[in-house]
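Each chain, letter by letter, is given below.
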Amino acid sequence: MDTAMEKKLTRSDLMKAFWRYIFLNQLGWNYERMQSVGYCASILPILRKTRPDPEEFKEAFITNLNFFNTNPVVGFPLILGAHAALEEAGASLETTEGLKVGLMGPLAGVGDTIVWALYNSIIMSIGSVMALSGNVMGPILVILLVLIPYFAVRYWQFFWAYNQGSNLIAQLGSGMISRVTELATIVGLIVIGGFAPSIVKMSTSWEWARDVEVRGEMTTQVVNIQAQLDAILPFMLPLLITWLAYWLLKRNWSPIQVILLLTAVGFIGGALGILG
Amino acid sequence: MLTALLLALWAYLCIYDILGPVFFLGFRPLIAGFGAGLIVGDVQTGMLIGGTLELMALGVYTYGGATIPDFTVGAILGTFFGKEGGFEVGISLAIPAALLLTQVDILQRFLNFFFVHRADAYAEAGDEKGFMRMMVWTSHLIWGLSRAIPVFLAVAYGQPAVVAVSNFFENNPWFNQGISVAGGILPALGFAMLLKILPVSTYPAFLLIGFVLFAYLKMPLVGIAIAGVAIGLVYQQLKYRGQEA
């Protein structure tokens, strides 16, 4: 089947879909169908070519406005490329919708973990630390580390998925996605283990004075609470507050509620001179 | 007035960037603040405000489309007000601005229903041209204006508020102290959000390794990241030994 397959799509059709994806992917994002309009706009140049019959084109147009949501950097271009290959091979709308629905969830998980949570957190914390010391290379470095690798990864994904075509599903099913996600998860956890205490700042300036009798003489002994805590476990307070925030999120507190609580704790503690 | 327009335009661009091109991650506070610093002619303040907010918001992203505080607008306004009133004034206006704007974000995500229903109508008519006209010219308006208008209004008419806030700061040093301690604690949220999307209970050991590298071995962050990749690779090599790659 592959050898007999007729090439209906030219490189310019594919590039047109790719550029529409780049400039429009999440436009019109809404709660009802999320990225559906951006996805539809990107696949239309392909559908025009593969479905010359106006009625068939219209049907595909309507179908591709269904709910769609995935990571816009890792995931979206891969699905788009694979979809283009399936369209060229004459796949039915059920098949292509199945591809979209089947891949958008897992790829959103991979993309959000690798791109947002891991890669961005690393470059952003390095860039921010540089910026805070007054070095303009901080934000410039971040922009370069976004501009070039992001674009390369998106371009590569789109054409790789297109060339893999129907083999893609088998490839992804072979455990590749779960291997990559596992590696990203491990790196993410190690990095967070080190980043969290280095960036969350919380210490107490509290001192506890007590009068004690030493060999019959009364003296005042001052106990520095922070020094005691450090002796037990360094960065104890940052770890505790991060764990508290995590625990609350797990109990379905919203991020906004957690922010309000953390702000209140910090503000009251700082204003009273207990923390900081 | 020109500054207000330019900053509003910058806010629009920063939000558009994450809706499509993702060329410079303009919606992140570090970048938004840096750009605002260039516009107001005070890059140092832009980097201070942006960098501080960035560390607070590290790992805070709209996973699955959830609304988060709008640190983009926060960084832009914080930079503008921080230029005149100083860093503390800027940062203490940036955080409430970011929180207030979350309501606007939820509202505008609702209003975007309009586009998907217009799209249905174009699809029924098989009208690709009309649909693309909407996508290119109008589909970003609600999203962009929901940031640009508040920025414009705050910059054009917010001056008296800044004077009041900076006077208040001078008379109440404890308030300052409270804000700076809260700023140090807030990054805990970003890490908590990251932990929530990662399977912590399956791999607790890796968190501990990262902590030991930093807290006891004093390893810099890039070193921890490289060590993380190495440990992950070794783990997978051992785990999948005997299986094909």
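The structure this text deals with has already been given above.
Residues numbered from 1 in each chain as written. Chains lettered and ligands numbered in written order. Predicted model: local features only at pLDDT ≥ 70, side-chain atom pairs only at ≥ 80, totals over all residues.

Overview of the overall build of chain A
Okay, step 1: Check the secondary structure of chain A and you find 10 helices and two strands.
Okay, step 2: Listing every helix and strand of chain A by position from the N terminus yields α-α-α-α-α-α-α-β-β-α-α-α.
Okay, step 3: Compactness check: chain A gives a C-alpha radius of gyration of 27 Å against a globular reference of 19 Å for 276 residues, more than 25% above the reference.
Okay, step 4: Each of the three principal axes of chain A carries a C-alpha extent, and together these read 100 × 35 × 35 Å.
Okay, step 5: Here chain A, with 276 residues, has 45% of them falling under the buried criterion.
Okay, step 6: Contacts spanning at least 24 positions in sequence make up 67% of the contacts within chain A whose residues lie at least 6 apart. (Helix = DSSP H or I, 4+ residues; strand = E, 2+ residues; numbered from the N terminus. Rg over C-alpha atoms; globule rule 2.2 N^0.38 Å. Buried ≥ 20, exposed ≤ 12 C-beta atoms within 10 Å, placed from the backbone. Contact = placed C-beta atoms within 7 Å.)

Section: the interface of chain B and chain A
Interface extent is often summarised as the accessible area lost during association of the parts.
Okay, step 1: Contact with chain B, which involves 90 residues of that partner, is made by 93 residues of chain A.
Okay, step 2: Per-element accounting of the side of chain B that touches chain A gives the leading share, 11 residues, to helix H13 (residues 221–239) of chain B.
Okay, step 3: Tallied by class, the residues present in the side of chain B that touches chain A amount to 63 nonpolar, 20 polar and seven charged. (Nonpolar A, V, L, I, M, F, W, Y, C, P; charged D, E, K, R; others polar.)

Describing the nonpolar core
Okay, step 1: With 155 residues, the main nonpolar core has Ala11, Ile76, Leu77, Ala94, Val151, Ala188 and Leu189 of chain B as its most contacted residues.
Okay, step 2: The biggest single contributor to this core is helix H5 (residues 93–132) of chain A, with 14 residues.
Okay, step 3: Non-local contacts of Ala188 of chain B, meaning those with residues more than four positions away in its chain, are made with Val200, Ile241, Thr242, Ala245 and Leu262 of chain A. (Core = buried A, V, L, I, M, F, W, Y, C linked by C-beta atoms within 7 Å.)

Looking at the packing of helix H2 (residues 36–50) of chain A against helix H3 (residues 54–63) of chain A
All names here are of chain A.
Okay, step 1: Contact geometry of H2 with H3 gives a least axis separation of 9 Å together with a crossing angle of 160°. Relative to H3, H2 is oriented roughly antiparallel. Once H2 is placed against H3, the crossing between them reads as right-handed. Every residue of H3 that contacts H2 at Leu44, Leu47 and Arg48 is listed here: Phe57, Ala60 and Phe61.
Okay, step 2: Looking at the contact of H2 with H3 residue by residue, the class counts come to five nonpolar, no polar and one charged. (Axes fitted to C-alpha atoms, helices over the stretch in contact; angles between N-to-C directions. Parallel < 35°, antiparallel > 145°, perpendicular 65-115°, else oblique. Left-handed = near helix turned anticlockwise from the far one by under 90°.)

Topic: helix H3 (residues 43–56) of chain B
Okay, step 1: With 14 residues, H3 of chain B extends 20 Å from end C-alpha to end C-alpha; this agrees with the ideal 20 Å at 1.5 Å per step.
Okay, step 2: When you tally the buried positions in H3 of chain B, you get 13 out of 14 residues, the bulk of the element. (Expected span 1.5 Å × (residues − 1).)

Focus: the pairing of strand S2 (residues 217–224) of chain A
All names here are of chain A.
Okay, step 1: Taking burial as the measure, the eight residues of S2 include zero buried ones, a minor fraction of the element.
Okay, step 2: Taken together, the eight bridges between strand S1 (residues 207–214) and S2 define a ladder with antiparallel strand orientation. Counted as the bridge partner of Ala209 is Val222 from S2.
Okay, step 3: What sits between S1 and S2 in their antiparallel hairpin is a turn of two residues, with Arg215 showing a positive phi close to 45°. (Pairing = 2+ DSSP bridges.)

Details of the packing of helix H4 (residues 76–88) of chain A against H5 of chain A
Residues and elements named next belong to chain A.
Okay, step 1: In contact at an axis separation of 10 Å, H4 and H5 are set at 165° when each is read in the N-to-C sense. Judged on the interaxial angle alone, H5 and H4 are roughly antiparallel. Relative to H5, H4 is oriented so that their crossing is right-handed. Residue-level contacts link Leu78, Ile79, Ala82, His83, Leu86 and Glu87 of H4 to Thr95, Thr96, Leu99, Lys100, Leu103, Met104 and Leu107 of H5.
Okay, step 2: Partitioned by chemical class, the residues of the contact of H4 with H5 number eight nonpolar, three polar and two charged.

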